[in-house]
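Chain residues, written in single-letter form:
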Amino acid sequence: MDLTTLERLPLWIGGRTVAAHTTRYGEVTNPATGEVLRHVPLADNDDVKAAAAAALAAWPAWRAAPSLRRARILMRFRELMEAHKKELARLVSQEHSKTITDAEGSITRCIKVVEFATGIPQLLKGEFSDNVGSGVDGFSTPFNFPAMVPMWMFPIALACGNCFILKPSERDPTMSLRMAELLQEAGLPDGVFNVVHGDKEAVDAILAHPDIKAISFVGSTPIAKYIYETGARHGKRVQALGGAKNHAVVLPDADLDFATEALIGAGYGSAGERCMAVSVVVAVGEAGDVLRDKLAERARRIVVGPGDRAESEMGPVITC
């Protein structure tokens, strides 16, 4: 593999980009065209150790910071996310090949989570206010929502006084580095948020590192089981969310035209690569034949193409 002609993504450790220790690299491709966009380092144990050390060093001061100060940094981060919304959506679309509409929708949901986290001073309040923090939290995320899934996790963790190591999917990693840059611009202290790229070697290093106290994972069911069992065996708190799909029930008195559009969006949006995707529709009574025909006709008209084309309704599947 020629690594000289394309960008090599760095890691983000201690508030700056750093070259990876590893010599192993993977390809980041545009699923719509097959074009190799850049190369991503597959971090080794030394890379994970460096990230954990940076987080551990930053944790005492961050934990001791008033919750209002932490919330103000997240307020600024929210403003930056809003200002860079289209740029962030383009990054998501380029590497995952979501349509631009899908990608912008995921960034909007990210912003909502950050807004929720900015209210942490009140959320943490009982009879009196105190600072909450309980160690270094390590996280790994799936490929289908490279912005939104990490956002379920790190804004709340940071607001509560924890440090954070994000291990994004190696298939669409660039968004994570951009979020790290925006967090730094928002005023987040160095070392509080770190990004370590990689594959199973990096995951295993995170699961075994003694200073990483908690793990949160979203992905396939077999990997969720592995993460849970391995993390628990090392004495960590583990939240492991496996794959799922939704079901829908359509009753005879439903507006079938409306139901058809809703089901097409739920089934084919994000190329069906999301746990909210509707894979089974139960049509009750006389709705069945009519709905089936409407769905088949509408599915034939779905415009499939690269995510950056305005007319595309569905991008390619990033992986089987």
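Note that residues are indexed from 1 along each chain, following the sequence as it is written. Local features in this predicted model are restricted to residues whose pLDDT is 70 or higher, and side-chain atom pairs enter the listing and the counts only when it is 80 or higher, whereas totals over whole chains, interfaces and linings include all residues. Values reported for side chains reflect all heavy atoms of the structure, with hydrogen atoms and water molecules removed beforehand.

Describing a nonpolar patch on the surface
The criterion, for reference: A patch consists of residues exposed above 30% relative accessible area that lack any salt bridge, with like charges linked at up to 9 Å and nonpolar side chains (Val, Leu, Ile, Met, Phe, Trp, Tyr) linked at up to 5 Å. Throughout, the Shrake-Rupley method with a 1.4 Å probe supplies accessible areas, and for residues the shown protein chains are the sole cover considered. In the sections that follow, a salt bridge refers to a side-chain nitrogen of Lys or Arg positioned within 4 Å of a carboxyl oxygen of Asp or Glu. Comment: elements are numbered from the N terminus, with helices defined as DSSP H or I runs of at least four residues and strands as E runs of at least two. To sort residues, take the accessible area from a 1.4 Å probe on protein chains only and compare it with the maximum for the residue type: under 20% means buried, over 50% means exposed, and anything in between is partly exposed.
On the surface, Val249, Leu251, Val280, Val282 and Val284 cluster together to form a nonpolar patch covering roughly 380 Å² of accessible area. Turning to its location among the elements, Val282 is positioned in strand β11 (residues 278-283). A relative accessible area of 42% means that Val282 is categorised as partly exposed.

Structural notes on the confidence of the model for the protein
Threshold: Values of pLDDT, the confidence the predictor places in each residue, fall between 0 and 100. Residues are treated as being in contact if the distance between any of their heavy atoms lies within 4.5 Å.
Looking at the protein as a whole, the pLDDT averages 85, with 88% of positions reaching at least 70. Averaged pLDDT values for the elements of the protein fall to 52 in strand β5 (residues 136-140) and rise to 97 in strand β1 (residues 11-13). Here residues 126-134 is a poorly scored stretch, pLDDT under 50, and it has 20 contacts once near neighbours within four places are set aside; other chains count.

A few points about helix α4 (residues 100-117)
Stated formally: Here, expected helix span is obtained from the residue count minus one, scaled by 1.5 Å. This arc is built from the directions going out from the helix axis to the C-beta atoms.
Taking 1.5 Å of rise per residue, the 18 residues of α4 would be expected to cover 26 Å, and the 26 Å separating its terminal C-alpha atoms lies within 8% of that figure. Of all the positions in α4, only Ala103, Ser106, Ile107, Cys110, Ile111, Val113, Val114 and Ala117 are classed as buried. Across the axial projection of α4, the buried residues extend over an arc of 160°, all falling on one side. Of the exposed residues in α4, those oriented more than 90 degrees away from the buried face are Thr101 and Lys112.

Overview of the nonpolar core
Worth spelling out the cut-off: By convention a nonpolar core is built from buried Ala, Val, Leu, Ile, Met, Phe, Trp, Tyr and Cys residues, the set being connected through side-chain atoms within 4.5 Å.
Ranked by size, the top nonpolar core spans 68 residues in total, and within it Phe77, Met81, Phe154, Leu158 and Phe193 carry the most contacts. Per element, the largest residue contribution to this core is 8 residues, and it comes from helix α1 (residues 45-64). Ignoring any residue separated from it by four or fewer positions in sequence, one finds Phe154 in contact with Phe77, Phe164, Met179, Leu183 and Phe193. Within the second largest apolar cluster, 13 residues are counted, among which are Ala259, Ala287, Leu295 and Met314.

Here's the deal with the packing of aromatic side chains
Threshold: Two aromatic rings, drawn from Phe, Tyr or Trp (for Trp, its six-membered ring), form a pair once their centres lie within 6.5 Å of each other, and the interplanar angle then sorts them: stacked below 30 degrees, edge-to-face above 60, tilted otherwise. To sit over a ring, a charge needs its Lys NZ or Arg CZ within 6 Å of the ring centre and within 35 degrees of the ring normal.
The final tally for this structure, using the stated rule, is 4 aromatic pairs. Between Phe77 and Phe154, the aromatic rings sit 6.1 Å apart at their centres with planes inclined by 50°, giving tilted as the arrangement. Here Phe154 lies in helix α6 (residues 148-159) and Phe77 lies in helix α2 (residues 67-83), a separation of 77 residues in the sequence. Here Phe77 matches Phe154 in class, with each residue buried. Between Phe164 and Phe193 the ring centres are 5.8 Å apart and the planes differ by 20°, which places this aromatic pair in the stacked class. Of this pair, Phe164 sits in strand β6 (residues 163-167) while Phe193 sits in strand β7 (residues 193-195), placing them 29 residues apart in sequence. Looking at Phe193, the relative accessible area reads 2%, which means it is buried. One aromatic cluster is present, built from ring pairs that chain together Phe77, Phe154, Phe164 and Phe193. Between Arg8 and the ring centre of Tyr25, over which it is positioned, the NZ or CZ distance is 5.0 Å.

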